[in-house]
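Spelled out, the chains give:
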Amino acid sequence: MAVAKKKAEIKKVEKKAVKKGEPAKKAATKVKAPATKAVKTKVAERRLFNVAVVGATGAVGTEMLRILEERDFPVKELKLLASGRSAGTKLEFRGKKIKVEELKKDSFKGIDVALFSPGASVSAIYAPIAAKAGAVVIDNTSQFRMDKDVPLVVPEVNPHAIAQYKKKGIIANPNCSTIQMVVALKPIHDVAKIKRVVVSTYQATSGAGREAMEELATQTADLLSGRHIEPSIFPYQIAFNLIPQIDVFLDNGYTKEEMKMINETKKIMEDDSIKVTATTVRVPVFFSHSESVNIETAKKITADEVRKILKKAPGVEVLDDPSNKAYPMPFDAAGCDETFVGRIREDESIKNGINMWIVADNIRKGAALNAVQIAEILIEKYL
Ligand SMILES: NC(=O)c1ccc[n+]([C@@H]2O[C@H](COP(=O)([O-])OP(=O)(O)OC[C@H]3O[C@@H](n4cnc5c(N)ncnc54)[C@H](OP(=O)(O)O)[C@@H]3O)[C@@H](O)[C@H]2O)c1
């Protein structure tokens, strides 16, 4: 479906939902986003799998349920796991209410695929337990991403790496800002060899989880009503502000989020020679991360050539028509599966440079969708 048509459809559904008092984002995702071009894996025969979602009540976990349902993942039994705090609450899947259970050591008996997003410290303990019980874990946290025995996978970029899952029974899902960047960079790298990447991010609050989104909403309302605010999830006021710190600072002056982008890009692109430098910034947006990306290539490539390459690239939608003010924005990308690329232009300050603007829904392509796409390939090719 053309982007403009899809956007119009989403806006229509949102308007209706807002009238009914539903959150717009939830409504937007009711419009089934098209499957990414290359990764749409057909499930040839309907073998069914027992699936566990760990962190099911979180921002990523709840999106996982939507995506499993939207893509008709062949689920036999679905087990929803979270902490004791939300055990007993019910979440809907395929029209049925399923009770959330407390995550325990014996939670994984009979589970084939376990989609994890409970935070790194919880994954550190429970992902190996799940793998030992026979499940293949697809982990959204940072815990195993740089482990040499754990593949770090973006299906449009390195689907072949999934084969390495057998070493530990764990596949890692990359950091959200890295995923959308490599989806756009890999096809350019294949043609012109990227030597260096300079990226600045504008990351939505949903990237820090459910409570972080609530903090933005509450702070905005409180400040507009003249009430005092007290930051709790973010280190400073996030409403009407930007925070140039995501995760903790390291000895080299970078934040952990920035180093994740640097290290994960090399691992996913399977090329340690690519130089990457990143500045990651939290912005008062609910959904979708935006990135200003500058690349230097070994071979000269024009902006038109980049547009042509990206138009054919799996998972990418080029939205780049400055004369009609067409460029990607986080509000429009929310609820979509694609990684949108616009503002493509040559960097006139160096010989072989390209600037671009990359936007994607961090909860979908940056987390839940990428994980489910991995699961689709896993069950089709390896289980
Ligand atoms: N948000 C993103 O864009 C994004 C993208 C990529 C990766 N990730 C990663 O995914 C993970 C979750 O992110 P999120 O945004 O979904 O966070 P979130 O909204 O805060 O949700 C956290 C989930 O983990 C569960 N949980 C917390 N402690 C637990 C425990 N001790 N045992 C079992 N479950 C526990 C929570 O359950 P309760 O309801 O019981 O508290 C909740 O379901 C993080 O590691 C994050 O870095 C997030």
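Rules of the game
- Residues numbered from 1 in each chain as written.
- Predicted model: local features only at pLDDT ≥ 70, side-chain atom pairs only at ≥ 80, totals over all residues.
- Helix = DSSP H or I, 4+ residues; strand = E, 2+ residues; numbered from the N terminus.
- Expected span 1.5 Å × (residues − 1).
- Buried ≥ 20, exposed ≤ 12 C-beta atoms within 10 Å, placed from the backbone.
- Contact = placed C-beta atoms within 7 Å.
- Near = placed C-beta within 6 Å.
- Nonpolar A, V, L, I, M, F, W, Y, C, P; charged D, E, K, R; others polar.
- Domains from an automatic or database assignment.
- pLDDT = per-residue confidence, 0-100.
- Pairing = 2+ DSSP bridges.
- Axes fitted to C-alpha atoms, helices over the stretch in contact; angles between N-to-C directions.
- Parallel < 35°, antiparallel > 145°, perpendicular 65-115°, else oblique.
- Core = buried A, V, L, I, M, F, W, Y, C linked by C-beta atoms within 7 Å.

Student: Outline helix H7 (residues 256-269), listing residues and values.
Tutor: Helix length check: H7 (14 residues) gives 20 Å between terminal C-alpha atoms against 20 Å at 1.5 Å per residue, within 8%. Within H7, the full set of buried residues consists of Glu257, Glu258, Lys260, Met261, Glu264, Thr265, Lys267, Ile268 and Met269. Residues of H7 that are buried sit in contact with helix H5 (176-192), strand E8 (194-203) and strand E9 (275-282). Glutamate 270, located one to two residues past H7, shows a positive phi value of around 55°.

Student: So what's going on with the site of the ligand? Residues and values would help.
Tutor: Around the ligand, the surrounding shell holds 29 residues, and the nearest of these are Gly55, Gly58, Ser83, Gly209 and Arg210. Those elements giving two or more residues to the shell around the ligand turn out to be helix H3 (59-70), helix H4 (120-132), helix H6 (210-224) and helix H10 (364-382). With three residues, the top contributor of residues to the shell around the ligand is H3. Partitioning the shell around the ligand into residue classes produces 11 nonpolar, 15 polar and three charged. Two domains each put at least three residues into the shell around the ligand: domain 1 (17-174 + 366-382) and domain 2 (178-363).

Student: Describe the environment of phenylalanine 287, naming the residues involved and giving the relevant values.
Tutor: Mapped onto the elements, phenylalanine 287 comes out in the loop between E9 and strand E10 (289-297). For phenylalanine 287, a count of 25 C-beta atoms within 10 Å gives the class buried. Counting along the chain gives 45 residues from phenylalanine 287 to aspartate 332, while the straight-line C-alpha distance between them is 9.5 Å.

Student: Now, about the confidence of the model for the protein: what can you tell me, with residues and values included?
Tutor: Across the protein, the average pLDDT comes to 91, with 88% of residues at or above 70. Overall, residues 1-6 carries pLDDT values under 50, and its contacts beyond four positions in sequence, including any with other chains, amount to five contacts. Within the model, the stretch residues 10-41 combines pLDDT values under 50 with 53 contacts to residues more than four positions away or in other chains.

Student: Could you give an account of the sheet that holds strand E7 (residues 170-172), naming the residues involved and the relevant values?
Tutor: Taken together, the seven strands give an open sheet; going across it, the order is E3-E4-E2-E1-E5-E6-E7, and neighbouring strands pair in mixed fashion. The outermost strands of the open sheet, each flanked by one partner alone, are strand E3 (90-93) and E7. Neighbour-to-neighbour, the strand axes of this sheet turn through a mean angle of 25°, independent of strand direction. Bridge count between strand E6 (residues 136-139) and E7: three bridges; the pairing is parallel.

Student: Which residues make up the packing of H5 against H10, and what values go with them?
Tutor: Packing of H5 against H10 brings their axes to within 8 Å, and their N-to-C directions diverge by 85°. One element, H5, and the other, H10, form an angle in the roughly perpendicular class. Contacts between H5 and H10 involve Cys176, Ile179 and Gln180 on the former and, on the latter, Lys365, Gly366, Ala367 and Asn370. Residues that form the contact of H5 with H10 fall into these classes: three nonpolar, three polar and one charged.

Student: Pulling in residues and values, what's your account of the nonpolar core?
Tutor: Core analysis: the biggest nonpolar cluster contains 99 residues, and Val53, Met64, Val113, Ala114, Leu115, Ile171 and Ala375 have the highest contact counts within it. Counting contributing residues, this core receives three or more from each of domain 1 (17-174 + 366-382) and domain 2 (178-363). Aside from chain neighbours lying at most four places away, what touches isoleucine 171 is Val136, Ile138, Val150, Pro151, Val153, Ile162, Tyr165 and Ile374.

Student: Let's hear about the environment of valine 199: which residues, and what values?
Tutor: One can find valine 199 in strand E8. Apart from the residues within four sequence positions on either side, valine 199 is in contact with Met181, Met261, Ala278, Glu291 and Val293.

Student: How would you summarise the environment of histidine 160 if you had to cite specific residues and measurements?
Tutor: Relative to the assigned elements, histidine 160 resides in the loop between E6 and E7. Each C-alpha atom, one on histidine 160 and one on isoleucine 377, is 9.6 Å from the other, the two residues being 217 residues apart in sequence.

Student: An account of the sheet that holds strand E11 (residues 316-318) is needed here, citing residue identities and associated values.
Tutor: Spatially, E9-E8-E10-E13-E12-E11 is the arrangement adopted by the six strands of the open sheet, whose pairing is mixed. The sheet is open, and its two borders are formed by E9 and E11, each paired with just one other strand. The average undirected angle you get between the axes of adjacent strands in this sheet is 20°. As judged from the three bridges shared by E11 and strand E12 (residues 339-346), these two strands associate in the parallel manner.

Student: Explain the pairing of strand E2 (residues 75-82) to me, and be specific about the residues and the numbers.
Tutor: One ladder, built from five bridges, connects strand E1 (residues 49-54) with E2; its direction is parallel. Its bridge partner lying in E2, alanine 52 is registered against lysine 79. Inspection of the sheet shows E2 paired to strand E4 (residues 96-102) by three bridges, in the parallel sense. Bridge pairing in E4 places leucine 81 opposite glutamate 101.

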